[in-house]
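Okay, here's what each chain looks like letter by letter:
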Amino acid sequence: MRVSSTALLLLSSSYQISNHNHNAVFAFSNVAPQQRRLSSSTIKKPTINLRPSTLKSAQPSNTESQNTDILVEISSGKNLVINSADNHNNHFSSLPGAEAVLDFASVKNSQSKGELALSAARKTFESTNDVAEALLTYSTNENELMGINSDVIELVGHPLGTYATSSSEIQEVAEYLRSRASKGSFPVDTKAPANVGDNAARYETILKKATEESGEVTAAFAKTFYLGTQLMPEEAREAIWAIYVWCRRTDEIVDAPRDNDEDMLRDLSAWEIRLERLWEHGEIVDVLDLPLLDVRIKYPNLSIQPFMDMIRGMLMDIPDLGQERYEDFDQLHLYCYRVAGTVGLMSMPIFGCADGFNEEVAKEPALSLGVAFQITNILRDIGEDASTRNRIYLPRDDMARFGVKEEDIYAQKVTPEFIEFMKYQVSRTRRYYARALRGVPMLHESARLPVQSSLDCYGKILDKIEEN
């Protein structure tokens, strides 16, 4: 799976582009695509009716009725009508020039096989364990930090977390950090450990080493991204490392080889509960949780929701639990939000906004950036996804409207219909890039260069797709 590593390219992007022949669009697989095939389980998608934008390139023959209101059908069955001129709604804000961007935050798909399975696994975990005690002793493998397996250690080059001498010492550091949180951050305000005067330097050293190791993990898995973080102020840079490591660990938990999905769902349930307890109570389990707790304290406006939504995005990529095909762009949009748009929401409180803007206004460009990058990945990896993973992310209704057949994609045929179809997809994606670009001046000046650089780099991938 490439969810976390792909999504975190929102800041700084690495790319290599094949330009061998006219069929090169089927060879854009240089950054590893999703490594999972999806099943045919049905997703309850939001229903969206809106005025389509005018495309400069190919258009499908039929057009939809014009409608300035957007009807979002939440999974609870309640309908929410959102006017496209409203830039302050919690669920949606609109910039002209593209389809509506819906963040789907906290929308749970009650019909998703994967989400139902995770919910059942979590109930079992909670009912058969003293949860707090179970989390402290729970590990996917003995002597391994959860989500830090032997492959991660090998790539980093050394074991992680060895500088913390005991679990009790790690908990003292967490208590020390919680004591620095603003009042009301957690249900119970924490006092500093009784011996903090003697041990404060030691606590700071452990936190610093955990943060440095987060940077090492980031550098090992995403070298160019890591270099991009060097453009940020130190506090922001370290916060982004902590978020990256959480995403990486989540990815490793889902991807770890197992005999059955039950073990993965149990592990993911424990991981999700850990996240909630960190956010709600400041509780941690291991030493690599400390940097994320520090982020939670320093950026109290950082919501847990995009982290939870990313977990559900990863479920969408799991064989037999996820989704094998996407019937229309709305379904694909939910996936793009969960695996990429979420990172924009994670990053915004870290980046900060320029004077005169706030996170609510900057939210839509951040989501547009995630959608643009993820669709670019999908268009780049069409051949790889189809030939090696039996995966086609392209919306079925778009394929039907342009006369593109699945068998042609599997055969990697560049037909006239496919060319027109790709023009349409590229044009739509460019509108998302344009909307993301409008958000760059909304960011604090220290965040503009890395975000602009990522737009430039990923935009060149789209250029190459179009040229080929």
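Nothing here was measured: the structure is a model prediction, and the numbers come from that model.

The rules behind each value
Residues numbered from 1 in each chain as written. Predicted model: local features only at pLDDT ≥ 70, side-chain atom pairs only at ≥ 80, totals over all residues. Heavy atoms only, no water. Salt bridge = Lys/Arg side-chain N within 4 Å of Asp/Glu carboxyl O. Buried < 20%, exposed > 50% of the residue type's maximum accessible area, 1.4 Å probe, protein only. Helix = DSSP H or I, 4+ residues; strand = E, 2+ residues; numbered from the N terminus. Axes fitted to C-alpha atoms, helices over the stretch in contact; angles between N-to-C directions. Left-handed = near helix turned anticlockwise from the far one by under 90°. Contact = heavy atoms within 4.5 Å. Nonpolar A, V, L, I, M, F, W, Y, C, P; charged D, E, K, R; others polar. Phe/Tyr/Trp six-rings, centres within 6.5 Å; stacked < 30°, edge-to-face > 60°. Core = buried A, V, L, I, M, F, W, Y, C linked by side-chain atoms within 4.5 Å. Polar contact = N/O pair within 3.5 Å; in protein donor to acceptor, adjacent residues only side chain to side chain. Parallel < 35°, antiparallel > 145°, perpendicular 65-115°, else oblique. pLDDT = per-residue confidence, 0-100.

Engineer: Whenever I open this one, the pattern of salt bridges confuses me. Can you help?
Structural biologist: Note that side chains of opposite charge can pair when their charged atoms are close. In this structure the tally under the stated criterion is 35 salt bridges. Between Glu384 and Arg389 there is a salt bridge, with its nearest N and O atoms 3.1 Å apart. Arg389 gets classed as buried once you look at its relative accessible area, which sits at 15%. For Glu467, the salt bridge identified is with Lys464, shortest N-O distance 3.3 Å. One end of the pair is Glu467 and the other is Lys464, both in helix α18 (residues 445-467) and three residues apart, which spans about a single turn. The exposure class of Lys464 is partly exposed, given its relative accessible area of 22%. Ionic contacts of the salt-bridge type, sharing partners, join the residues Glu115, Arg122, Glu126, Glu272, Glu276, Arg312 and Arg338 into one network.

Engineer: What am I meant to see in the packing of helix α6 (residues 196-221) against helix α8 (residues 234-255) here?
Structural biologist: If you want to describe how two helices pack, look at the angle between their axes and the distance between the axes. Packing of α6 against α8 leaves a shortest axis separation of 8 Å and a crossing angle of 60°. Crossing angle aside, the handedness with which α6 passes α8 is left-handed. Contacts between α6 and α8 involve Thr211, Ser214, Gly215, Val217, Thr218 and Phe221 from the first element and Glu238, Trp241, Ala242, Tyr244, Val245, Arg248 and Glu252 from the second. Of the residues assigned to the contact of α6 with α8, the class counts are six nonpolar, four polar and three charged.

Engineer: Could you clarify how one ought to interpret the packing of aromatic side chains in this entry?
Structural biologist: Centre distance and the angle of the planes are the two values used to describe a pair of aromatic rings. If you walk through the whole model with that rule in mind, you get 15 aromatic pairs. Judged by centre distance (5.1 Å) and plane angle (80°), the ring pair of Trp246 and Phe307 falls under edge-to-face. With Trp246 in helix α8 and Phe307 in helix α11 (residues 305-315), this residue pair connects regions lying 61 residues apart in the sequence. You'll find Trp246 and Phe307 in the same group, each marked buried.

Engineer: What should I look at first to understand unusual backbone geometry in this one?
Structural biologist: The phi angle of most residues is negative, glycine excepted, and most peptide bonds adopt the trans form. Even without being glycine, Asp320 reaches a positive phi, approximately 70°. Inspection of the secondary structure puts Asp320 in the loop between α11 and α12 (329-351). If you check the backbone angles, Gln412 has positive phi at about 55° while not being a glycine. As for its position among the elements, Gln412 is in the loop between α16 (406-410) and α17 (416-438). Among the residues examined, Gln412 registers a relative accessible area of 28% and is labelled partly exposed.

Engineer: Explanation requested: the nonpolar core in the structure shown.
Structural biologist: One broad trend across soluble globular proteins is that nonpolar side chains are buried collectively. Grouped together as the largest cluster of nonpolar side chains are 117 residues, with contacts concentrated most on Trp246, Val287, Leu290, Leu379 and Leu394. The greatest single-element share of this core, amounting to eleven residues, is contributed by α8. The residues touching Leu290, leaving out its near neighbours within four places in the chain, are Ile170, Val173, Ala174, Leu177, Ile206, Leu207 and Ile284. Core analysis: the next-biggest nonpolar cluster, separate from the first, contains ten residues, Leu334, Ala362, Ala366 and Met442 among them.

Engineer: Would you take a moment to explain the environment of Ala174 for this structure?
Structural biologist: Looking at where Ala174 falls in the secondary structure, it is placed in helix α5 (residues 167-178). Taking the C-alpha atoms as reference, Ala174 lies 9.4 Å from Val285; in sequence the two are 111 residues apart. Non-local contacts of Ala174, meaning those with residues more than four positions away in its chain, are made with Ile284, Leu290 and Leu293.

Engineer: Please explain the side chain of Asp286 as it appears in this structure.
Structural biologist: Structurally, Asp286 can be placed in the loop between α9 (261-281) and α10 (290-298). For Asp286, the side chain forms a polar contact with the side chain of Arg249, separated by 2.7 Å. In this structure the side chain of Asp286 is engaged in a polar contact, spanning 3.0 Å, whose partner is the backbone nitrogen of Leu288. Among residues more than four places away in sequence, those in contact with Asp286 are Leu145, Met146, Ile170, Arg249 and Arg274.

Engineer: Please clarify how the environment of Asp330 should be interpreted in this entry.
Structural biologist: You can see Asp330 is positioned in helix α12. Look at Asp330 and you get buried, because its relative accessible area is 17%. Taking C-alpha positions, Asp330 is 8.7 Å from Pro395, a pair spaced 65 residues apart along the chain.

Engineer: Help me out: how do you make sense of the packing of α8 against α12 in this one?
Structural biologist: Running from N to C, α8 and α12 cross one another at 160°; their axes reach a closest spacing of 10 Å. It follows that α8 is roughly antiparallel to α12 by the angle criterion. In the packing of α8 onto α12, the handedness of the crossing is right-handed. Contact residues: α8 offers Ala236, Ala239, Ile240, Ile243, Trp246 and Cys247, while α12 offers Met346, Ser347, Ile350 and Phe351. A per-class count over the contact of α8 with α12 returns nine nonpolar, one polar and no charged.

Engineer: Any chance you could explain the environment of Ile465 here in plain terms?
Structural biologist: Relative to the elements of secondary structure, Ile465 occurs in helix α18. Look at Ile465 and you get buried, because its relative accessible area is 5%. Sequence separation of Ile465 and Arg380 is 85 residues, and the distance between their C-alpha atoms is 6.7 Å.

Engineer: Whenever I open this one, the side chain of Arg380 confuses me. Can you help?
Structural biologist: Tracing the chain through its elements places Arg380 in helix α13 (residues 359-380). Overall, Arg380 belongs to the buried group, its relative accessible area being 2%. There is a polar contact of 2.8 Å between the side chain of Arg380 and the side chain of Asp381.

Engineer: Looking at this structure, I do not really get α11. What am I missing?
Structural biologist: In an α-helix, one turn spans 3.6 residues; hence positions three or four apart end up facing the same way. Of all eleven residues in α11, ten are buried; the element is thus mostly enclosed. Buried residues of α11: Pro306, Phe307, Met308, Asp309, Met310, Ile311, Arg312, Gly313, Met314 and Leu315, and no others.

Engineer: Help me out: how do you make sense of the confidence of the model for the protein chain in this one?
Structural biologist: In low-pLDDT regions, the fine details of the predicted coordinates are not to be read closely. For the protein chain, the average pLDDT comes to 78, and 76% of its residues sit at 70 or higher. The least confident element of the protein chain, judged by mean pLDDT, is strand β1 (residues 69-73) at 28; the most confident is α10 at 97. Counting contacts from residues 1-6, a segment whose pLDDT is below 50, to residues more than four positions away or on other chains yields 31 contacts. Segment residues 10-98: pLDDT under 50, and 254 contacts once partners within four positions in sequence are set aside and those in other chains are kept.

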